[in-house]
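Secondary and tertiary structure notes
The residues making up each chain are set out below.
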Amino acid sequence: PLPRTAPDARASFLVISNRLPDAPSAAAGESERARNVGGLVSGLAPALAARGGVWLGWSGGRRPGALELAVDASSTPARASFDFHPEWHTRFYNGFANRSLWPIFHGFPGRARYDESEWRAYVEVNDVFAEMATRLVAPGGTVWAHDYHLLLVAASMRARGHSGPLGLFLHIPFPALDLFETIPWSRALLDGMLAFDLVGFHTRRYAQSFVRCAEELARATATSSGVRVDGREVRVGVFPLGIDAAPFEEIDAATEGEIAELQAALRGRRLVLGVDRLDYTKGIVERLDAFGRMLELHPEWRGRVSMLQVAVPSRADVPEYAEQRRAIETLVGRINGEHGEAHWMPVRYVYRSYGRGQLAALYRAADVGYVTPLRDGMNLVAKEYVAAQHPTSPGVLLLSRFAGAADELEGAILTNPHDRDGMARDLVRALEMPAEERIARHAPMLERVRRSTPEVWADAFLHELERR
Ligand code: ADQ
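Attention in this report is confined to the structure presented alongside it. Small disclaimer: the values here were computed from a predicted structure and weren't measured. Residue numbers restart at each chain and count upward from 1, following the sequence in its written direction. Residues qualify for local features only when their pLDDT is at least 70, as the model is predicted, and side-chain atom pairs are given and counted only at 80 or more; totals for whole chains, interfaces and linings, by contrast, use all residues.

**What about the site of the ligand?**
The condition that has to hold: Being near a molecule or strand means, for a residue, that its C-beta atom, positioned from the backbone, comes within 6 Å of it. Working definition: helices are DSSP H or I runs of at least four residues, strands are E runs of at least two. Numbering for both runs from the N terminus. Gly falls in the polar group here, along with every residue not listed as nonpolar (Ala, Val, Leu, Ile, Met, Phe, Trp, Tyr, Cys, Pro) or charged (Asp, Glu, Lys, Arg).
The local shell around the ligand holds 20 residues, among which H171, S353, G377, M378 and L380 are the closest. Those elements giving two or more residues to the shell around the ligand turn out to be α1 (31-36), β11 (270-277), β12 (305-312) and α14 (380-388). Of the residues that constitute the shell around the ligand, the class distribution is 10 nonpolar, 5 polar and 5 charged.

**Overview of helix α10 (residues 253-266)**
The condition that has to hold: To estimate the expected span of a helix, subtract one from its residue number and multiply by 1.5 Å.
The end-to-end C-alpha separation of α10 is 20 Å, in line with the 20 Å expected for 14 residues at 1.5 Å each. Backbone geometry just after α10 places R267 at a positive phi near 45°.

**A word on the nonpolar core**
As a reminder of what qualifies: Put simply, a nonpolar core is a cluster of buried Ala, Val, Leu, Ile, Met, Phe, Trp, Tyr and Cys residues tied together by C-beta atoms within 7 Å. Partly exposed residues are those whose C-beta has more than 12 but fewer than 20 other C-beta atoms within 10 Å; with 20 or more the residue is buried, with 12 or fewer it is exposed, and the C-beta atoms are placed from the backbone. By the criterion used throughout, residues are in contact when their C-beta atoms, derived from the backbone, lie within 7 Å.
Ranked by internal contacts, the top residues of the largest apolar core, which has 137 residues, are L14 and A133. When near neighbours in sequence (up to four residues on either side) are disregarded, L14 contacts G53, V54, L56, A133, L136, V137, G141 and V143.

**Details of the sheet that holds strand β16 (residues 413-415)**
How we decide: Note: two strands are recorded as paired if DSSP finds a minimum of 2 bridges between them. Fitted lines through C-alpha atoms serve as axes, helices being fitted only where they are in contact, and the angles separating the N-to-C directions of these axes extend from 0 to 180 degrees.
If you walk across this open sheet you meet the 6 strands as β13-β12-β11-β14-β15-β16, and the pairing is parallel. Unpaired on one side and paired on the other, β13 (347-351) and β16 mark the two borders of the sheet. Across the sheet, the mean angle from the axis of one strand to that of its neighbour is 20°, orientation sign disregarded. Pairing analysis gives 5 bridges linking β12 to β13, with the strands arranged parallel. Pairing of Q309 across the sheet is with Y349, part of β13. Where helix α13 (residues 356-365) meets the sheet, its contacts fall on β11 and β14 (368-371), and the angle it forms with β11 comes to roughly 140°.

**Concerning the pairing of β14**
Each regular strand shows side chains that alternate between the opposite faces of the sheet. Of the two faces of β14, the one carrying V368 and Y370 and the one carrying G369 and V371 are both buried. Inspection of the sheet shows β11 paired to β14 by 2 bridges, in the parallel sense. Directly across from V272, in β14, lies its bridge partner V368. Pairing between β14 and strand β15 (residues 396-400): 4 bridges, direction parallel. The partner of V368 across the bridge, within β15, is V396.

**Digging into the sheet that holds strand β10 (residues 232-238)**
Spatial ordering of the open sheet is given by β3-β4-β2-β1-β5-β6-β7-β10-β9-β8, a layout of 10 strands whose pairing is mixed. Both outer strands of the open sheet, β3 (70-72) and β8 (221-222), are each paired with one neighbouring strand and no more. Judged from the 2 bridges that link them, β8 and strand β9 (residues 226-229) form a sheet pairing that is antiparallel. Note that in β9 the partner of A222 across the bridge is V227. Set on the sheet, helix α4 (residues 116-136) makes contact with β1 (11-19), β2 (54-62), β4 (78-84) and β5 (137-146); between it and β1 the angle comes to about 155°. Seen against the sheet, helix α8 (residues 204-218) touches β7 (198-201), β8, β9 and β10 and runs at an angle of roughly 155° to β10.

**Some remarks on unusual backbone geometry**
Here T76 and P77 are connected by a cis peptide whose omega angle stands at -10°. Considering the arrangement of structural elements, one finds P77 in the loop between β3 and β4. Phi is positive for R267, which is not a glycine, with a value near 45°. By secondary structure assignment, the location of R267 is in the loop between α10 and β11.

**Side note on the packing of α13 against α14**
Test applied: In what follows, roughly perpendicular refers to angles from 65 to 115 degrees, roughly parallel to angles under 35, roughly antiparallel to angles over 145, and oblique to any angle outside these ranges.
Relative orientation of the contacting elements α13 and α14 amounts to 70°, with a least axis distance of 8 Å. One way to sum up the angle between α13 and α14 is to call them roughly perpendicular. Contacts between α13 and α14 involve L359, A360, Y363 and R364 from the former and E384, Y385 and A388 from the latter. Across the contact of α13 with α14, the residue classes break down as 5 nonpolar, no polar and 2 charged.

**Topic: the environment of L446**
Relative to the helices and strands, L446 is located in helix α16 (residues 435-451). Separated by 201 residues in sequence, L446 and A245 place their C-alpha atoms 8.7 Å apart. Excluding its chain neighbours within four sequence positions, the residues that come into contact with L446 are V386, A387 and P391.

**Regarding the pairing of β7**
Side chains L198 and G200 project from β7 onto one buried face, and the interleaved V199 and F201 project onto a second face that is buried too. The sheet contact formed by strand β6 (residues 166-169) and β7 spans 3 bridges and is parallel. Each residue of the ladder has a partner; that of G167, found in β7, is L198. Bridge analysis of β7 against β10 gives 4 bridges, and the strand direction is parallel. Within β10, the position partnered with V199 by the bridge is V236.

Right, here's the structure in full:
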């Protein structure tokens, strides 16, 4: 642990996220969280290195008893972590964060449930993060917190005397006022967010919802840069996160081999691909259902197209996720049973994670990137699919209107995942799109994806956060 008495040893820059980017997985099926922040690491690494910053997060371990801060200064970036009390894993992480905030922020009031003891755990864990953070960072240092797990850390850090800039980036959507105010502790959450100096979102719409909630619930006044509340300025900004395109563009020999094998297995059939964490927000059930509907409406496509759905295990100890998994498995069985032939399976489904090279191979081999979340903060899979296409024979991105990425990827076919027949029609349109149109749609998207790297994103956020 860092000595509390040596302020000089404290960092001038601190990143906080619930999980450390490469923390060992806490429970079977949780390693995907680690992967997800992969983009974040590459975005933040340069800033962390340049400033000698530290990344603070939960270690992934669970242990009752005393809280200890473990600092590993030898890793790059330097890391600091602590173990959760076992109750926090249930109440804070699986509880308030994933069964209250996650569903309501994604617009699923029917799935959100509220429990006082979970809320108390959320407040407590945010307080613990704030205490650890205050020990690690100089009082005037810059702090950047990530995501819905940490909405209350700024208020708690201020109370502990932190005076430097505090920023929050929310990786998921921010809901409309009518939904937000159904949370029993909406006002406390909002006040917590308003204690930051800068709050960043992926899209304008989320930023606008936040400003609207602040106006309505906290009597804030909208300004050109955010809101004014209790005599303070809180800046609100839009910072769409991107990906490092290069690893998806450069197909190496091993990946070439994977593509060849896949193509041999397809035997000339077209491939429609879905890749997601197994989560009800991703619309996997609706997507499969629309694929089945397409085969009914357009029997000419039977035997000529296959769908592959790759689902990464996620939050498997939360009941809604286990139930979602069963729903997907049942539906895959039904579609294959109803439409399949001895020589042709309409849907292949795999429940596992893939390495980046393998993902790149799948993306490149797919004629249609079928990315149809019901609601998604951004959705990086859509961008990875674009990056992995061959510029002279690209596939088609069929993208949900309700993914943040829809604001940027204008060459995609935008679809409504709640409209089964509409989505089935859009699938056929994607499958039948002539090469010329595919190229014309893909080229500007690729340009955009290449330019909008995680590093550009991190620089923009930090520049705004530290602007006086
Ligand atoms: P996620 O909901 O996890 O992230 P997403 O943006 O799609 O969603 O990122 C998923 C990442 O996991 C991608 O990099 C993808 O390659 C990887 N992945 C998915 N399936 C995989 C598989 N089978 N094997 C291996 N890797 C797989 C949250 C928000 C998003 C937001 C991101 C970043 O919900 O909306 O885009 O944070 O801010």
